[in-house]
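Residue-level structure breakdown
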2 protein chains.
Amino acid sequence: EDLKKQQASKPSDPFSSDPERHPVLQVNTLKPFNAEPPPEILSDSYITPSAFFFKRNHLPVPQLDQASYRLQVEGLPQGVLSLSLEDLKTKFPKHTVTVTLQCAGNRRGDMNKVKPVKGLNWGVAAIGNAKWSGARLRDVLLAAGFEPGVAQWARHVQFEGLDKDVTGTSYGASIPLNKAIGEEGDVLLAYEMNGEDIPRDHGYPVRVVVPGVVGARNVKWLGKIVVSAEESSSHWQQQDYKGFAPGTDWNQVDFESAPAIQELPVQSAITVPADGAVIHHSDETLTVAGYAWSGGGREVIRVDVSLDGGKTWQVAQLRSGDKGQAPEPSPPPGRAWAWKLWEITAPLPPEAEELEIICKAVDSSYNVQPDTVPPIWNLRGLLSNAWHRVTVRLRRD
Amino acid sequence: EDLKKQQASKPSDPFSSDPERHPVLQVNTLKPFNAEPPPEILSDSYITPSAFFFKRNHLPVPQLDQASYRLQVEGLPQGVLSLSLEDLKTKFPKHTVTVTLQCAGNRRGDMNKVKPVKGLNWGVAAIGNAKWSGARLRDVLLAAGFEPGVAQWARHVQFEGLDKDVTGTSYGASIPLNKAIGEEGDVLLAYEMNGEDIPRDHGYPVRVVVPGVVGARNVKWLGKIVVSAEESSSHWQQQDYKGFAPGTDWNQVDFESAPAIQELPVQSAITVPADGAVIHHSDETLTVAGYAWSGGGREVIRVDVSLDGGKTWQVAQLRSGDKGQAPEPSPPPGRAWAWKLWEITAPLPPEAEELEIICKAVDSSYNVQPDTVPPIWNLRGLLSNAWHRVTVRLRRD
Ligand SMILES: [Mo]
Ligand SMILES: [Mo]
């Protein structure tokens, strides 16, 4: 009833039926809703509660109900398979995987400071780590008739959302076929987030979770899966979410010249203390905390922290669970989908009045973050993974 | 006869039967033999001729002949399999893969300039790209009795060389089981390099070729393969070839705290012009060339070049073959094992007397090279992949 009233009262606003959100979120845009939590919330818990998990919506949140929900699987020799939510839950084994999702635009704010870019001005918190449960995409594709011969012509698996713009166009994306069908890809058609039905903002009732791959391919409100020779033709696959050189501007950019972002590069950020914080201290030590993650299942193996602007570095403590709890089991090689939280307590330089604190992570391929932002600057402000720097002032009490 | 005489005349020198080498190589150490070609040779041809391919020997080159050669495969439930070279060539399909191999110490020279490190002082040419042919390790393991149950306890595949030190210890290394057995790992037991028997310096008659993985795991003169729950116990797996933080010194270093290097990070270098070159020019343009590669099958998607010390960047032309020839076919995602050569011809800044030329590469996970050396400096001088910089002087004729 309430819903009906809302729709009736604002017939022209497609966002009027969007869900409620937690007031602590820092809102980037209201319609569509894009928001991130305060950074310090991220390092408070290894699993990010869904209320605080960044929301990145391209379109209004669709109103879907579990009884009428159907997922179409297309493009395979035996034709279209249509699955209800009940089918997904009962006909396929349920798998739970802890996966970090990161928006391609996370930390875009750092690029905007160098030279303005086009896109939401995200801080460092357009990233979160959740336990996702659902059917394996691999199992569903096999049930829909995937067999080795399909790999002769198919190269991609496309996803279409049930969210629509005013013209009726849905959000869409695709991933490489080998990621979708591989036994070690761990791609889920998830119907639970952190042990509960996926909240509406995160794709209720079903979203794709593609571990190690940019958020933009983890299509929410999933309506259709298409096995195809081609990538998704959507705007977001073809004309967006690609990286370019720092010298490329909007007059020259050729979106066909760059591959669609899939696996993300190694990333880390400081969540505590906040940039610009004034630290009143009688202690002689400072605690710095943050997160670190890498795409493609590459495990973060080390985080280095500097309190002196990069002149000297100390190695932070990493953890894969909450403090005082047993960590998650070690993942097999190449399947480290979840972030690490890190922390270091270091002596304060006795004379310093201001500290430039920096973190940088190393992943299991020994990839590292670049030192500075300008050489990775790009017109869309994507892939912003330079060293994270915060400056704090010290005030002795 | 010659060989006998040589051995007889220098009974105390285990290196006396090492093969002849091309005189153009820049020798790092003679015994064991470690040498790299002049950098400009690397960009002369997409496939590096074996004579110019960097040699990285830890021990004397063993004297092996194809008739008596045997490869032992151990650790599988059905016991030891012993294969002759003839077996390898006739009982398994022959696969050819173009694979770039890079020494973990490539570009160590750049780290030595920051602060001395322990290791051979390689320039930028401890890397090469060759066509390797042989049996798939996967096929051999399956023939030796590998079945899915083995993956319950096995985690690694160890390799032992037939090269030995004075105490009789062989060179050894291991790789993760999933890389060895995966259908997309493309690991070869190679008996040909560029269409000929593998030269003695490169592992005659059989070496492992592990695409996307550091040279040190590509064991030459392969004598034994062991499927195991453990990594190789060799010095080179356990106490070497690992990365550490810049602050870690030889007093503190704990080799157990870091994972053995497997996949390498994104890399590129300038091969032409040489550092310190004086360019006499009447032209208004300068051509810069080099190579770019990344580990783990990640394809290089872009190389940026700066002629002004990193202030502005231009995108280089990439190629996967020789000029005027058809390029190699595009690899499937995640299986880009071969480097790209790149080139750019750019206007010379009219007033400049000196140019700092820089290159940096981006791979398909959008990982990038770090800007500077000191923050990735490590006591062994490994993983030296900061932007490559050369300075040239311009002299107008
Ligand atoms: Mo995103
Ligand atoms: Mo090496």
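Residues numbered from 1 in each chain as written. Chains lettered and ligands numbered in written order. Predicted model: local features only at pLDDT ≥ 70, side-chain atom pairs only at ≥ 80, totals over all residues. Heavy atoms only, no water.

Moving on, we come to the overall build of chain A. When you go through chain A residue by residue, the secondary structure sums to seven helices and 22 strands. By the compact-globule yardstick of 21 Å for 397 residues, chain A fits well, its C-alpha radius of gyration being 22 Å. A principal-axis box enclosing the C-alpha atoms of chain A has dimensions of 70 × 50 × 50 Å. The buried share of chain A, taken over its 397 residues, is 59%. Taking as baseline every contact in chain A between residues at least 6 positions apart, the subset at least 24 positions apart corresponds to 72%. When the accessible surface of chain A is summed, it comes to about 16,100 Å², and 50% of that surface belongs to carbon and sulfur atoms. Mean positive and mean negative side-chain charge positions of chain A (41 and 48 charges, respectively) differ by 2 Å. (Helix = DSSP H or I, 4+ residues; strand = E, 2+ residues; numbered from the N terminus. Rg over C-alpha atoms; globule rule 2.2 N^0.38 Å. Buried < 20%, exposed > 50% of the residue type's maximum accessible area, 1.4 Å probe, protein only. Contact = heavy atoms within 4.5 Å. Areas by Shrake-Rupley, 256 points an atom, 1.4 Å probe, with all protein chains shown as cover. Lys, Arg positive; Asp, Glu negative; His and termini not counted. Charge placed at Lys NZ, Arg CZ, Asp CG, Glu CD.)

Moving on to the relation of the copies chain B and chain A. You can overlay chain B on chain A at an RMSD of 0.0 Å; the transform is a turn of 180 degrees with a shift of 0.0 Å along its axis. Overall, the copies show the geometry of a two-fold rotation axis. Within chain B, the C-alpha atom positioned nearest to the axis of rotation is that of Pro370(B), 2.0 Å from it. Of all interface residues in chain B, 100% are interface residues in chain A too; the two copies therefore contact each other through one and the same surface. (Least-squares fit on C-alpha atoms with pLDDT ≥ 70 in both.)

Quick look at the interface of chain B and chain A now. In this complex, chain B contributes 37 residues to the contact, which on the side of chain A involves 37 residues. Run the count over chain B and chain A and you get zero salt bridges. Taken together, the links from chain B to chain A amount to 21 residue pairs in polar contact (both at pLDDT 80 or more). Sort the elements by how many residues they give to the side of chain B that touches chain A and strand β17 (residues 300–306) of chain B lands first, with three residues. A breakdown of the residues in the side of chain B that touches chain A according to their chemical character gives 21 nonpolar, eight polar and eight charged. (Salt bridge = Lys/Arg side-chain N within 4 Å of Asp/Glu carboxyl O. Polar contact = N/O pair within 3.5 Å; in protein donor to acceptor, adjacent residues only side chain to side chain. Nonpolar A, V, L, I, M, F, W, Y, C, P; charged D, E, K, R; others polar.)

Once that is clear, we can look at the state of the cysteines. Per the stated rule, a full pass over the model turns up zero disulfides over all chains. You can see Cys359(A) has no disulfide; the closest cysteine sulfur is in Cys103(A), sitting 18 Å from it. (Disulfide = S-S within 2.5 Å.)

Per the stated rule, a full pass over the model turns up 38 salt bridges over all chains. The partner of Lys224(A) in a salt bridge is Glu74(A), and the shortest N-O contact between them spans 3.7 Å. Placement of Lys224(A) in strand β13 (residues 222–228) and of Glu74(A) in strand β4 (residues 70–74) is noted, with a sequence separation of 150 residues between them. Classification of Glu74(A) as partly exposed rests on a relative accessible area of 23%. Residue Arg136(B) pairs with Asp186(B) through a salt bridge whose shortest N-O separation is 4.0 Å. Remark: Asp186(B) occurs in the loop between α6 (177–181) and β10 (188–193) and Arg136(B) occurs in strand β7 (residues 127–136); sequence separation between them is 50 residues.

Further remarks concern the packing of aromatic side chains. Scanning the entire structure with this criterion turns up 16 aromatic pairs over all chains. Seen from their ring centres, Trp313(A) and Trp387(A) are 5.0 Å apart, and the 80 degrees between their planes marks the pair as edge-to-face. With Trp313(A) in the loop between β17 (300–306) and β18 (314–315) and Trp387(A) in the loop between β21 (354–363) and β22 (388–396), the pair connects residues that are 74 residues apart, well separated along the chain. A single burial state applies to Trp313(A) and to Trp387(A), both of which are buried. For the ring pair Phe53(B) and Phe54(B), a centre distance of 5.4 Å and an interplane angle of 20 degrees mean the geometry is stacked. Like Phe53(B), the residue Phe54(B) is buried in the burial classification. Here a set of aromatic residues connected by ring pairs shows up, and it is made of Phe53(A), Phe54(A), Trp122(A) and Trp132(A). For the cation-ring pair, Arg21(A) lies above Phe33(A), with the distance from its terminal atom to the ring centre recorded as 3.9 Å. (Phe/Tyr/Trp six-rings, centres within 6.5 Å; stacked < 30°, edge-to-face > 60°. Lys NZ or Arg CZ within 6 Å of the ring centre and 35° of its normal.)

Residue and element names in this part refer to chain B. The mixed open sheet is built from five strands, whose spatial order is β5-β4-β13-β8-β9. Among the strands making up the open sheet, the edge pair consists of β5 (81–84) and β9 (170–176). Along the sheet, successive strands turn relative to each other by an average axial angle of 20 degrees, direction set aside. With six bridges connecting them, strand β8 (residues 156–164) and β9 associate as antiparallel partners. Looking across to β9, one finds that Gln158 is bridged to Ser174. (Pairing = 2+ DSSP bridges. Axes fitted to C-alpha atoms, helices over the stretch in contact; angles between N-to-C directions.)

This part takes up a negative patch on the surface. A cluster of acidic residues, Glu183(A), Glu184(A), Glu183(B) and Glu184(B), forms a negative patch on the protein surface. One can find Glu184(A) in the loop between α6 (177–181) and β10 (188–193). For Glu184(A), a relative accessible area of 40% puts it in the partly exposed group. (Patch = residues over 30% accessible without salt bridge, like charges linked within 9 Å, V, L, I, M, F, W, Y side chains within 5 Å.)

Another aspect to go through is the confidence of the model for chain A. All names here are of chain A. Summary statistics for chain A give a mean pLDDT of 95 and a share of 97% for residues scoring 70 or more. Of the regions scoring below 50 in pLDDT, residues 1–9 engages in six contacts with residues more than four places distant in sequence or in other chains. Scored as a whole, the predicted complex attains pTM 0.95, and scored at its interfaces, ipTM 0.95. (pLDDT = per-residue confidence, 0-100.)

This part is about the pairing of β17(B). Residue and element names in this part refer to chain B. Counting buried positions along β17 yields seven of seven residues, so the element is predominantly enclosed. Bridge analysis of β17 against strand β21 (residues 354–363) gives six bridges, and the strand direction is antiparallel. Residue pairing in the sheet places Asp304 in a bridge with Lys360 of β21.

Let us now look at the side chain of Arg380(A). Inspection of the secondary structure assignment puts Arg380(A) in the loop between β21 and β22. Ignoring sequence-local partners within four residues, the contact set of Arg380(A) consists of Arg108(A), Val117(A), Lys118(A), Gly119(A), Asp240(A) and Trp250(A).

What follows deals with the nonpolar core. Formed by 71 residues in total, the largest nonpolar core has its most connected members in Leu88(A), Leu137(A), Leu141(A), Val157(A), Leu189(A), Leu222(A) and Ile225(A). In contact with Val157(A), other than residues within four places in its own chain, are Leu137(A), Leu141(A), Ala173(A), Ser174(A), Ile175(A), Leu177(A), Ala180(A), Ile225(A), Val226(A) and Val227(A). Counting residues in each nonpolar core, the second largest holds 70 residues, with Tyr46(B), Leu141(B), Tyr171(B) and Tyr291(B) among its members. (Core = buried A, V, L, I, M, F, W, Y, C linked by side-chain atoms within 4.5 Å.)

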